[in-house]
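Take a look at the letters that make up each chain.
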Amino acid sequence: MNVKGFHQNRNNFSFSPPNYFGISEVVGATILLVISVALSLLIFGYFHGYISELGNALINTLNKHCEFEAMSVVANTSGSTITSLSIVLYNYGGAACPISGVFLLNGSAIYPIKVSSNCVTSPITVLNPGQVKILNYTGLDIPYYNYEVRVVSCDGFIAGKSLG
């Protein structure tokens, strides 16, 4: 039987035309699988980054390292010569920092201000956690230039501050 607006499709009547569009169950299941895998990878990537940052913070908390900074550097000059130097250091780490060397450097010259001969038995100074210490050096005769001051600890941590 043919009625206008209806067509017969396997004993079911429908208002849609005989050539309608759709997707099969296999294609639908594949699309849902791809979407769920993509979302799970996205969520895993986000939480993996978060968990690794949390792990690094925990490791840094448990492994106390020597960490300090040169807060301020002041040089006194006489003409074009540096005669004295003051360096303010702050230990923001969780361990004591024995200092092994203080240097002035630029692209062509390195001037050792003070270097420890034996870092274990006689460091220049020891910065305890949370401590601020001022290192004063007088009697210098270094030509004035835009140097960078580098302070080196016994375990190799380096703090720097530009001068000039």
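Residues numbered from 1 in each chain as written. Predicted model: local features only at pLDDT ≥ 70, side-chain atom pairs only at ≥ 80, totals over all residues. Heavy atoms only, no water.

Peer 1: Please give an account of the overall build of the chain that cites residues and values.
Peer 2: A tally of regular secondary structure across the chain gives one helix and eleven strands. Ordering the α and β elements of the chain from the N terminus gives β-β-α-β-β-β-β-β-β-β-β-β. By the burial criterion, 23% of the 164 residues in the chain qualify as buried. Counting contacts in the chain only where the partners sit at least 6 residues apart, residues at least 24 apart contribute 60% of the total. As presented, the chain carries roughly 11,400 Å² of accessible surface, and 60% of it is formed by carbon and sulfur atoms. (Helix = DSSP H or I, 4+ residues; strand = E, 2+ residues; numbered from the N terminus. Buried < 20%, exposed > 50% of the residue type's maximum accessible area, 1.4 Å probe, protein only. Contact = heavy atoms within 4.5 Å. Areas by Shrake-Rupley, 256 points an atom, 1.4 Å probe, with all protein chains shown as cover.)

Peer 1: Provide a residue-level description of the side chain of S100, including the pertinent values.
Peer 2: Mapping S100 onto the fold places it in strand 5 (residues 97-105). A polar contact is formed between the side chain of S100 and the backbone oxygen of S153, at a distance of 3.4 Å. The contact partners of S100, leaving out residues within four places of it in the chain, are K114, V115, S116, C119, I124, V152, S153 and C154. (Polar contact = N/O pair within 3.5 Å; in protein donor to acceptor, adjacent residues only side chain to side chain.)

Peer 1: Please set out the confidence of the model for the chain residue by residue, giving values where relevant.
Peer 2: Chain-level statistics for the chain give a pLDDT mean of 83 and a share of 82% at 70 or above. By mean pLDDT, the top-scoring element of the chain is strand 8 (residues 132-137) (94), and the lowest-scoring one is strand 1 (residues 7-9) (53). (pLDDT = per-residue confidence, 0-100.)

Peer 1: Requested: an account of the pattern of salt bridges, with residues and values cited.
Peer 2: Tallied over the full model, the rule gives one salt bridge. For R150, the salt bridge goes to E148, with nearest N and O atoms at 3.0 Å. Take R150: its relative accessible area is 28%, and that puts it in the partly exposed class. With relative accessibility at 27%, the residue E148 sits in the partly exposed group. (Salt bridge = Lys/Arg side-chain N within 4 Å of Asp/Glu carboxyl O.)

Peer 1: Please give an account of the side chain of T125 that cites residues and values.
Peer 2: By secondary structure assignment, the location of T125 is in strand 7 (residues 125-127). With relative accessibility at 11%, the residue T125 sits in the buried group. Once residues within four sequence positions are removed from consideration, T125 is found in contact with C97, P98, I99, K133 and L135.

Peer 1: Could you give an account of the nonpolar core, naming the residues involved and the relevant values?
Peer 2: F68, I87, L89 and L104 are the most contacted members of the largest nonpolar core, which totals 23 residues. At the level of elements, strand 3 (68-78), strand 4 (81-91), strand 5, strand 8 and strand 10 (148-153) are the ones that each hand at least two residues to this core. Residues contacting F68, with those up to four places away along its chain left out, are L89, Y90, N91, Y92, C97, I99, L127, V151, V152, S153, F157 and A159. (Core = buried A, V, L, I, M, F, W, Y, C linked by side-chain atoms within 4.5 Å.)

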